[in-house]
Amino acid sequence: MAEADHKILSAEIKLGSQYYFYMETQTALAVPDEDNCIVVYSSIQAPEYAESTISRCLGIPEHNVCVITRRVGGGFGGKAMKAMPVATACALAAYNLRRPVRMYMNRKTDMKTTGGRHPMEVTYNVGFKEDGKITALHLDILINAGIGTDISPIIPLFMVGAIKKYDWGAFSFDIKVCRTNHSSKSAMRGPGEVQGTFISEAVIEHVASVLSMDVDSVRSKNLHTFNSLDFFY
């Protein structure tokens, strides 16, 4: 930051959440089978997750649980983790009643429980030269994870990977994943990478605006070289 001709201090970015709005809501059909087995037809994107969860819930071996995904009906990440509660509840009812059970969520309930993309609050300090070359960037990021863990602990990893697309010079960050009283947030179409890309481009555009330069010129000035790639990665 000491090498900078100009500085932008304590600038803020606020990123809201986003609902998946897939074509079909969460649904499952569970059918008891012989030899203490159960077959579950679920719209889940990751059947192996449901299989292990149902196994633990019912207290039976995983090889006694067969989860089949015939079609997802639109997912975008919303039916990876968030389909498990519906599939598991359906399986539990079918296992105890010894009869087929089908469940599906109406759109309102689905929107309340699925969570969506992680909202964030970002504060950044950036230093840059007169020609648009950025010499230092520091980010303070608060991630709203909601009430549950889900995939939130790995969101910072994806974010940093996306932010490092430019050579920021001296780059530092403090990312906190926050538990709140909101619905649990989950994976959604490039989780973390979308927010990281937005933050990067917002910083670049802010610098270009202060210098009254073309934004593409600032982007070009801060693209990686072989040496910076070797350093950043």
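Each remark here, short or long, concerns the structure printed above.
Everything numeric here is computed off the predicted structure, so don't read it as measured data.

1. Structural notes on the nonpolar core
- In this structure, Tyr 124, Val 126, Leu 139, Ile 141 and Trp 168 are the most contacted members of the largest nonpolar core, which totals 32 residues.
- Mapped by element, the contributors of at least two residues to this core are β1 (6-15), β6 (120-128), β7 (134-146), α4 (155-163), β8 (170-179) and α5 (193-211).
- Take this core: its biggest share by element is six residues, from α5.
- Non-local contacts of Leu 139, meaning those with residues more than four positions away in its chain, are made with Val 122, Thr 123, Tyr 124, Ile 163, Phe 171, Ser 172, Phe 173, Asp 174 and Ile 199.
- Counting residues in hydrophobic clusters, the runner-up holds 21 residues, among them Ile 38, Ala 50, Ile 60 and Met 84.

2. Some details on the sheet that holds β7
- Read across the open sheet, the four strands follow the order β1-β6-β7-β8; overall the sheet is mixed. Since the sheet does not close on itself, it has two edges, and those belong to β1 and β8, each with one partner. Direction aside, the axes of adjacent strands within the sheet are offset by 10° on average.
- Both β1 and β6 contribute to a ladder of eight bridges, which runs antiparallel. Within β6, the residue paired with Leu 15 across the bridge is Met 120.
- Where α4 meets the sheet, its contacts fall on β6, β7 and β8, and the angle it forms with β7 comes to roughly 150°.
- Contacts from α5 reach β1, β6 and β7 within the one sheet, and its direction differs from that of β1 by about 140°.

3. Things to note about the side chain of Ser 186
- Within the secondary structure, Ser 186 is located in the loop between β8 and α5.
- One polar contact links Ser 186 to Asp 150, side chain to side chain, over a distance of 2.8 Å.

Conventions and cut-offs
- Residues numbered from 1 in each chain as written.
- Predicted model: local features only at pLDDT ≥ 70, side-chain atom pairs only at ≥ 80, totals over all residues.
- Heavy atoms only, no water.
- Core = buried A, V, L, I, M, F, W, Y, C linked by side-chain atoms within 4.5 Å.
- Buried < 20%, exposed > 50% of the residue type's maximum accessible area, 1.4 Å probe, protein only.
- Helix = DSSP H or I, 4+ residues; strand = E, 2+ residues; numbered from the N terminus.
- Contact = heavy atoms within 4.5 Å.
- Pairing = 2+ DSSP bridges.
- Axes fitted to C-alpha atoms, helices over the stretch in contact; angles between N-to-C directions.
- Polar contact = N/O pair within 3.5 Å; in protein donor to acceptor, adjacent residues only side chain to side chain.

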